[in-house]
Every structure is written in structure tokens, then in C-alpha cells.
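Coordinate analysis (summary)
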Amino acid sequence: MRHRLSRRKLNRPTAHRMLMLRGMVTALITNETMRTTEAKAREVRRLTEKMVTLGKKGSLHHRRQAASMLMDDDAVRKLFAELAERYAERNGGYTRLYKLGPRQGDAAAMAIVELVD
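As the structure is a prediction and not an experimental result, all values here were calculated from the model. (Residues numbered from 1 in each chain as written. Predicted model: local features only at pLDDT ≥ 70, side-chain atom pairs only at ≥ 80, totals over all residues. Heavy atoms only, no water.)

1. Observations regarding the confidence of the model for the protein
For the protein, per-residue confidence averages 96 on the pLDDT scale, and 100% of positions sit at 70 or higher. Taken element by element, the protein is modelled with least confidence in helix H4 (residues 73–86), mean pLDDT 96, and with most confidence in strand E3 (residues 109–115), mean pLDDT 98. (pLDDT = per-residue confidence, 0-100. Helix = DSSP H or I, 4+ residues; strand = E, 2+ residues; numbered from the N terminus.)

2. A look at the pairing of E3
Burial of E3 is extensive: five of the seven residues sit out of reach of the surface. One ladder, built from five bridges, connects strand E1 (residues 33–37) with E3; its direction is antiparallel. The partner of Thr 37 across the bridge, within E3, is Met 110. Examined bridge by bridge, strand E2 (residues 95–102) and E3 share six bridges and lie antiparallel to one another. Each residue of the ladder has a partner; that of Tyr 98, found in E3, is Ile 112. In this antiparallel pair of consecutive strands, E2 and E3, the connection spans six residues, and Ala 107 shows a positive phi of 60°. (Buried < 20%, exposed > 50% of the residue type's maximum accessible area, 1.4 Å probe, protein only. Pairing = 2+ DSSP bridges.)

3. What to know about the pattern of salt bridges
Taken as a whole and judged by the stated rule, the model has eleven salt bridges. One salt bridge connects Arg 96 with Glu 114, and the closest N-O pair in it is separated by 3.1 Å. Of this pair, Arg 96 sits in strand E2 while Glu 114 sits in strand E3, placing them 18 residues apart in sequence. (Salt bridge = Lys/Arg side-chain N within 4 Å of Asp/Glu carboxyl O.)

4. A short note on the sheet that holds E3
Taken together, the three strands give an open sheet; going across it, the order is E1-E3-E2, and neighbouring strands pair in antiparallel fashion. Unpaired on one side and paired on the other, E1 and E2 mark the two borders of the sheet. Each strand of the sheet is rotated relative to its neighbour by a mean of 20°, with strand direction disregarded. Running at roughly 145° to E1, helix H1 (residues 14–31) makes contact with E1 and E3 of the sheet. (Axes fitted to C-alpha atoms, helices over the stretch in contact; angles between N-to-C directions. Contact = heavy atoms within 4.5 Å.)

5. With respect to the side chain of Glu 38
Its location among the elements puts Glu 38 in helix H2 (residues 38–57). Residue classification places Glu 38 among the buried positions, given a relative accessible area of 15%. One polar contact links Glu 38 to Arg 42, side chain to side chain, over a distance of 2.9 Å. Ignoring sequence-local partners within four residues, the contact set of Glu 38 consists of Lys 99, Ala 109, Met 110 and Ala 111. (Polar contact = N/O pair within 3.5 Å; in protein donor to acceptor, adjacent residues only side chain to side chain.)

Quick look at the structure:
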């Protein structure tokens, strides 16, 4: 039974999955848009929302928590400077997910994740 289980395993071992998601969250914060599969997009959206919330809080403790998740110091700076200001008045819903059609090679459902302006 899957009662109260919230995360997707994405057919990967835990270490590989977390490293992949950390890289994708870092890329989304840096580039502000990303094209990936729908399942990965949902997980990246969940983690990115948490990172933006940490950026809005802005203390040293929250900066260190974000730095432990993100893989690039420039992404941490952008999160706490630019994105924190942009979403200061917004209570959640920092990302948007567009569903695309199936991928040509393996018919995987594709999606675009982007940060809301």
C-alpha cells in the first residue's frame, strides 16, 4: 500500500535521484525555465517551491540550507537577491507547469517548468 507516501522514485537509486533533482532545481533557478518529463517536472516544482520559500525568509540559516541543496553559489545568490524580491508579495505558486505532447523517442509525457513572473 502507498498510504501517505508523497515522493516519486523515478526508477533511480536514492543517491542518483537526489543528485539529479538537485541539479535540475539549480538549473531551473539559474535559467528560470526547463523542459523535462512530467514526473521529473512535478518533483522539481515541489523542491523549487521550497527553495524560493527559503529565499524569502532570508536568514543565514536559510541561506545555508539552500546552499546545501543547490549546486552552485551563483544560484544561491540569485535565489536570495533577485527571486526573493520578485516573490516577496506572493504566497506560494512560484512555478508553472505546461504539459507538452509525448516525446518522439519513447513517448514519455513531456512538460515545461518555469518560474512565474
